[in-house]
Every structure is written in C-alpha cells, then in structure tokens.
There are 2 protein chains.
Amino acid sequence: MTDTPQLHLFDEATRVTAGDSRWQGRTSPDYWAFVGPFGGVTAATVLRALIQHPQIQGDPLAVTVNYCAPIAEGPFDLDVRLVKANRSSQHWLVELSQGGTDPATLATAVFAERRPSWSHQPAPMPDTPPFDQVKRHPNTHVGWTKQYDFRFVDGPPDYGASATAGPFSSYSRLWLSDRKPRKLDCLSLLSMSDAFFPRVFQARSEVVPFGTVSLTTYFHVSREELATENITHVLATADAKLFNRSYHDQNSELWSPSGKLLATTTQIAYFKA
Amino acid sequence: MTDTPQLHLFDEATRVTAGDSRWQGRTSPDYWAFVGPFGGVTAATVLRALIQHPQIQGDPLAVTVNYCAPIAEGPFDLDVRLVKANRSSQHWLVELSQGGTDPATLATAVFAERRPSWSHQPAPMPDTPPFDQVKRHPNTHVGWTKQYDFRFVDGPPDYGASATAGPFSSYSRLWLSDRKPRKLDCLSLLSMSDAFFPRVFQARSEVVPFGTVSLTTYFHVSREELATENITHVLATADAKLFNRSYHDQNSELWSPSGKLLATTTQIAYFKA
C-alpha cells in the first residue's frame, strides 16, 4: 500500500533541494491552508532540510517553529545554520524566506544522540477503540485536511451549534493518518503535531479567523524506535487551557497504537472572536 | 516590603546594558546552578533585553530558549534581532555568546498586541490551601534555589528513598515566590517557569545528572493584566509524561492566587540514569 513507485504527496510537498547553508523548497497546493501552506508541512520541510544536511547528527529532539508571516505560493529559501554542536547534541536555526525579504518562518531545532537510559512513561494512553473500528470523518475535503484521515473518538469538528450556547469542550481525541497511508517517520509526526482543527473552533462551535503563531514539538523516541513501530497512524489528543486577549494555547499528545508516547506538542495561536 | 531602595537580587541578576542590536549582561553568583546560571534567569535576562529594546511593541506571548552550552561565570553578549514585524506582532531572535565564540543560548520570542477578545479558561485551577497556610520548604539553600520560596502542597523534593522502590510520582504542586518578595512581572514569571526541581529527581527519588535543553513558555495575560494582579507568588504545577533515551519532558502551569492561568510552559531535559 505504501510501496507505490510515485512519491507520496507529503514527500512531494516537503521536498527540498541542494544546499549546504541554503536550501530551496516550494509550497504545495495539496497542503494549502487559509492564507498559506499548512504549518505542519512547513515545519516538516524545515526538518527535512535538517535531516538531509551533511552535518546532521543524532535524532530530532525539539523543534520550535515561529510562523512570522504567510508564505506565498511558490518557491522559498531555507537558510540553515548549525549554531552550536557538542558531542551529544546540535542546535540549529532555520530561516525560511522568499525573494530575499524578511523571514516568513523562523525555526530552531535540537538534535541529540538518543542513548539508552532508564525509561518510564507516567502518562497513561487514552482509552480508545482501535483505528479500524472508528469511522473516518467525512468533512475533510478542504485544503490540507483532505490529505489526512481523521477518525474522531471524542470532540469531532461540528460547527453548527450556536456560539451563545457554549463554550463547548475544547478537547478532541482521534486517530490520525495520512489519507494515503505512509509509514510514520519524524517528518510526518512533526506535521501531524499541527494537524488539529483549531481549539477555538471547538470551544465556540464556529469558524473564526485563526492562525498558529508558534509551535513546539518534542520527540520522545529515536528515529530507530519510530521505524520499529512500523505504523501509518497515531492516536492524538488535543486540548486548550486558556483563550484570552486574542490568543489561545493548544497542547497535544501523539501515541503509537502500541501505547508509546511518540511526541508531545504545544502551540500558541491567534484568534479573532 | 518591595519598596527597598536597593535593587532586588533578581533585577541585579537580569540586568542588561546599552545596545541596539548588541546588549551586555553578566552572570550572577546569586542564581548559580550546577554548571552555569539558573536557566530561568538566563531566559529572563534575554526577555529583559527585549522589553527594554527601543523597537519593542506589544507584550511577550511566546518565548523559547535553547540552552546550547553552559554559560561561564562573567560577562556575556546578547545579539538581538527583530526578524519580522507586522501591525500586531513581532518575532525576535536572541543569541547569547561569550568572547565571540559560538552562542551558548539561542532564543526566539514573539511579542503581540493583546487585544481584548472572547475569554474562556477551560483549565481548572488546582485545589490548594492559600500561600500563607503552606509551610516553606526548608531545603533550599543551594545555588539559585535559595532565591525562591517553595511551598509544596504535593510532591516535595525528597530524595532519600531507594531508587529501586520507584518510579515515584513526577507531579508537584506548590506555591512559588521570590524569597525576597518582588511584584510579579513577565520577567520573574518567565524565570519561575523554569524554577522546578527536575522531574527525574522526583520520579527516581534521587539526584542524577540533569540539564534543561529547551524551554518554551506562553504568556496568557498582558503585562497590564499581570500588573493588575499585584502579586508576589504563583501557584505552580509540574509534571512529566515520558522519560526515554536520556531525555524527558516537563509541563507546567503558573496560576495567580485569584485563579487566572498566567503562563503555561514546557521543557525537554537531558538526564543520565
């Protein structure tokens, strides 16, 4: 199913070329959002430039992406700089810009040797029926959302209710997969860490102007551990703690079907309501 | 009590001078940690350079600090760059270095106009006795910890138990204040967002090699709202979800006594165990 000779749309969308300190990419119509590319794919493109970099060592540990301005349709440059390296970790800075103007995206990434250690997972995996027993959400034919298969166990998007009756729960729990299944790697895991419907839509049961401002994702497994899972979907949770003064947070967990917490992620987003 | 003519030690420790794009600071022996300054004070020093910058607009919204290498005792430079600005937000990049070498700290910050909006706080404030009914933790006379007043309601540091009996809960809930009371502002709030005993010490009930690698804090109130609270202590929670392959996360909330969620923060840290 994942052995087709063509490149997966996700790999097309996150393709980068050349480069030592400067790389090139291009926005993809397949992963378009409101006013620019889906932020998850932008983050994954940055990460792809890093993991393909000749100097990279270790596994992605922490990625922060600041979305400074919309990215216009077309090509973009990625300025990639190794800020500091030591024996066990690397600190990277990536600036995405178009046509020599101010950066539209500013990202930092930490790579680290994931040496074996004491392991302990206090967070409990949410109780959930298996992926294939949950129905695929039908309303995902707009922009980037059509590239994902969303299977909601709790908190599906349903923006028909009156806003005056709320606020509604901002919590969702779902199985998340590439629409065309693709073996999960650190790139798609990072992209999925932004693949949630805005919490403000949930809490107000309506669509309002929205934009992610900053996203931080921590990887809790090495690339080798992730490859061993050999999966195409994750169990994801998303919630918000506070909506105030035009911004709200979102915090999420991404779980393997086998019960391993693969990544945690948080973001702060602008909304108008 | 906060009206003494001398500068508070925290303000001494986070002092910065001069500068348009380059600022200077100096490490403080009062906030020293294992192998360098306490990370919270480093973060606050970066933020102080920003809020004193002539071009700054809006309130701090998101700060990410990557601790790339230990900072040596003595002076340091802060290279401050406004990466992108628009009508309602600013994206900043700060590199802290010493003697012209590679950066020891790399930070990004988003400032934003906190315009009034719909407000909703789904997160419940943890049930806790008031600050003055909780006893101050006595064992805080080492390094930076002596600058804080820790009043644990749950999960105090207690590293006497045998590691073989664990793992123990990684959760703590406490009142947190500057030892010498100081009116809370965005600087001390950011510093407090790193002022937790390492979760791995809690979970293993022992002290092991530890270092924060990356810290992200979101501010959920404007500076004006924070000033209106007029407080010197916060209710703080801290927990971890996963310890694996030499790294673990920490996620925390910082609450005003009046029940407002002031900041949320997450970090990823190295440990050896």
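Only a predicted model underlies this, so the values are computations on that prediction, with no experimental measurement involved.

**Student:** Tell me about the overall build of chain A, and name the residues and values.
**Tutor:** Within chain A, the regular secondary structure consists of five helices and twelve strands. Taking 19 Å as the expected radius of gyration for a compact globule of 273 residues, we find that chain A reaches 18 Å, a close match to that expectation. C-alpha extents for chain A along the principal axes are approximately 55 × 45 × 40 Å. Restricting to contacts in chain A with at least 6 residues of sequence separation, those with at least 24 account for 71%. With the model as given, the accessible surface of chain A reaches about 10,500 Å², and the carbon-plus-sulfur share is 50%. Side-chain charges in chain A split into 25 positive and 27 negative, and the spacing between the mean points of these groups amounts to 1 Å.

**Student:** Quick one: what's the story with helix H2 (residues 39-51) of chain A, residue by residue and with numbers?
**Tutor:** All names here are of chain A. Counted at 1.5 Å a residue, the expected span for H2 with its 13 residues is 18 Å, and the 18 Å between its end C-alpha atoms agrees. Burial within H2 is extensive, with twelve of its 13 residues counted as buried. Listed in full, the buried residues belonging to H2 are Gly39, Gly40, Val41, Thr42, Ala43, Ala44, Thr45, Val46, Leu47, Arg48, Ala49 and Leu50.

**Student:** Run through the packing of aromatic side chains, naming residues and quoting values.
**Tutor:** Summed over all chains, the structure comprises 34 aromatic pairs over all chains. Relative to Tyr148 of chain A, the ring of Tyr31 of chain A has its centre 6.5 Å away and its plane inclined at 75°; by these criteria the two rings are edge-to-face. One end of the pair, Tyr31 of chain A, is in the loop between strand S1 (22-26) and H2; the other, Tyr148 of chain A, is in strand S6 (residues 148-154), and 117 residues separate them in sequence. Comparing Tyr31 of chain A with Tyr148 of chain A shows no difference in burial state: the two are buried. Taken together, Phe10, Tyr31, Phe38, Trp144, Tyr148, Phe150, Phe152 and Phe197 of chain A form an aromatic cluster joined through their ring pairs. For Arg204 of chain A, the ring lying beneath its charged end belongs to Trp118 of chain B, and the centroid distance is 4.9 Å. One cation-aromatic arrangement involves Arg151 of chain B over Phe131 of chain B; the distance from NZ or CZ to the ring centre is 3.9 Å.

**Student:** Provide a residue-level description of the UniProt feature "domain: Acyl-CoA thioesterase-like N-terminal HotDog" (unreviewed entry) in chain A, including the pertinent values.
**Tutor:** UniProt's feature table lists "domain: Acyl-CoA thioesterase-like N-terminal HotDog" (unreviewed entry) at residues 29-112 of chain A, given in the numbering used throughout. The distance separating the terminal C-alpha atoms of residues 29-112 of chain A is 33 Å; by composition the span is 15% helix and 44% strand.

**Student:** Outline the relation of the copies chain B and chain A, listing residues and values.
**Tutor:** At an RMSD of 0.0 Å, chain B and chain A line up after a rotation of 180° and a shift of 0.0 Å along the axis. Such a combination of turn and shift is consistent with a two-fold rotation axis. Interface overlap between copies is the fraction of interface residues in one copy that are interface residues in the other; for chain B against chain A it reaches 100%, indicating a shared surface.

**Student:** Could you give an account of the pairing of strand S12 (residues 261-271) of chain A, naming the residues involved and the relevant values?
**Tutor:** Looking along a regular strand, one sees the side chains alternate between the two faces of the sheet. Residues and elements named next belong to chain A. For S12, a buried count of ten out of eleven residues is recorded, marking the element as mostly surrounded by other parts of the structure. In the sheet, strand S8 (residues 210-219) pairs with S12 via nine bridges, with the strands oriented antiparallel. Bridge pairing links Gly211 to Tyr270 in S12. Inspection of the sheet shows strand S11 (residues 247-255) paired to S12 by nine bridges, in the antiparallel sense. Paired with His248 across the strands is Ala269, a residue of S12. Joining the antiparallel neighbours S11 and S12 is a turn of five residues, in which Gly259 adopts a positive phi near 95°.

**Student:** Describe the pattern of salt bridges, and please don't skip the residues or the numbers.
**Tutor:** Residue and element names in this part refer to chain A. Across all of its chains, the model carries 26 salt bridges over all chains by this definition. With its nearest N and O atoms 3.4 Å apart, the salt bridge here joins Arg22 to Asp77. Placement of Arg22 in strand S1 and of Asp77 in strand S3 (residues 75-85) is noted, with a sequence separation of 55 residues between them. Overall, the relative accessible area of 39% leaves Arg22 in the partly exposed class. Residue Asp77 is classed as buried on the basis of its relative accessible area, which comes to 16%. Among the salt bridges present, the one from Arg151 reaches Asp149, with a minimum N-O distance of 3.1 Å. By relative accessible area, Arg151 is classed as buried at 14%. If you follow the salt bridges from partner to partner, you end up with Asp11, Arg48, Arg182 and Asp185 in one network.

**Student:** Give me the lowdown on the interface of chain B and chain A, citing residues and values where you can.
**Tutor:** A common way to express how large an interface is: the accessible area buried when the components associate. The interface is formed by 64 residues belonging to chain B together with 64 residues belonging to chain A. The largest contributions to the chain B side of the interface with chain A come from Trp118, Lys241 and Arg245 of chain B, which together make up 15% of the buried area. One can count six salt bridges joining chain B with chain A. Counting every contact that joins chain B to chain A gives 37 residue pairs in polar contact (both at pLDDT 80 or more). Split by residue class, the side of chain B that touches chain A holds 31 nonpolar, 20 polar and 13 charged.

**Student:** Break down the side chain of Ser252 of chain A for me, with residues and values.
**Tutor:** All names here are of chain A. Structurally, Ser252 is set in strand S11. Only 3.3 Å separates the side chain of Ser252 from the backbone oxygen of Thr237, close enough to count as a polar contact. Beyond its immediate sequence surroundings of up to four residues, Ser252 is in contact with Phe196, Thr237, Ala238, Ala263, Thr264 and Thr265.

**Student:** I'd love a proper account of the environment of Pro122 of chain A, names of residues and values included.
**Tutor:** Position of Pro122 of chain A relative to the elements: it lies in the loop between strand S5 (105-112) and S6. Setting aside anything within four residues of it in sequence, one finds Pro122 of chain A in contact with Ser170, Ala240, Lys241, Leu242 and Phe243 of chain B.

**Student:** Talk me through the pairing of strand S4 (residues 89-97) of chain A; I want residue IDs and the actual numbers.
**Tutor:** Residue and element names in this part refer to chain A. In terms of residue burial, S4 counts as a mostly covered element, since nine of its nine residues are buried. What you see with S4 is no split at all: Ser89, His91, Leu93, Glu95 and Ser97 on one side and Gln90, Trp92, Val94 and Leu96 on the other are buried throughout. Direction of pairing for S3 relative to S4: antiparallel, over a ladder of eight bridges. Within the sheet, the bridge partner assigned to Asp79 lies in S4 and is Glu95.

**Student:** Talk me through the side chain of Thr45 of chain B; I want residue IDs and the actual numbers.
**Tutor:** For Thr45 of chain B, the location among the structural elements is in helix H2 (residues 39-51). Look past the residues within four positions of Thr45 of chain B in its chain and what remains in contact with it is Ala13, Thr14, Arg15, Val16, Phe76 and Leu78 of chain B.

Analysis parameters
- Residues numbered from 1 in each chain as written.
- Chains lettered and ligands numbered in written order.
- Predicted model: local features only at pLDDT ≥ 70, side-chain atom pairs only at ≥ 80, totals over all residues.
- Heavy atoms only, no water.
- Helix = DSSP H or I, 4+ residues; strand = E, 2+ residues; numbered from the N terminus.
- Rg over C-alpha atoms; globule rule 2.2 N^0.38 Å.
- Contact = heavy atoms within 4.5 Å.
- Areas by Shrake-Rupley, 256 points an atom, 1.4 Å probe, with all protein chains shown as cover.
- Lys, Arg positive; Asp, Glu negative; His and termini not counted.
- Charge placed at Lys NZ, Arg CZ, Asp CG, Glu CD.
- Expected span 1.5 Å × (residues − 1).
- Buried < 20%, exposed > 50% of the residue type's maximum accessible area, 1.4 Å probe, protein only.
- Phe/Tyr/Trp six-rings, centres within 6.5 Å; stacked < 30°, edge-to-face > 60°.
- Lys NZ or Arg CZ within 6 Å of the ring centre and 35° of its normal.
- UniProt positions renumbered as here; feature names shortened; annotations may be inferred.
- Least-squares fit on C-alpha atoms with pLDDT ≥ 70 in both.
- Pairing = 2+ DSSP bridges.
- Salt bridge = Lys/Arg side-chain N within 4 Å of Asp/Glu carboxyl O.
- Buried area = accessible area lost by both parts, 1.4 Å probe.
- Polar contact = N/O pair within 3.5 Å; in protein donor to acceptor, adjacent residues only side chain to side chain.
- Nonpolar A, V, L, I, M, F, W, Y, C, P; charged D, E, K, R; others polar.

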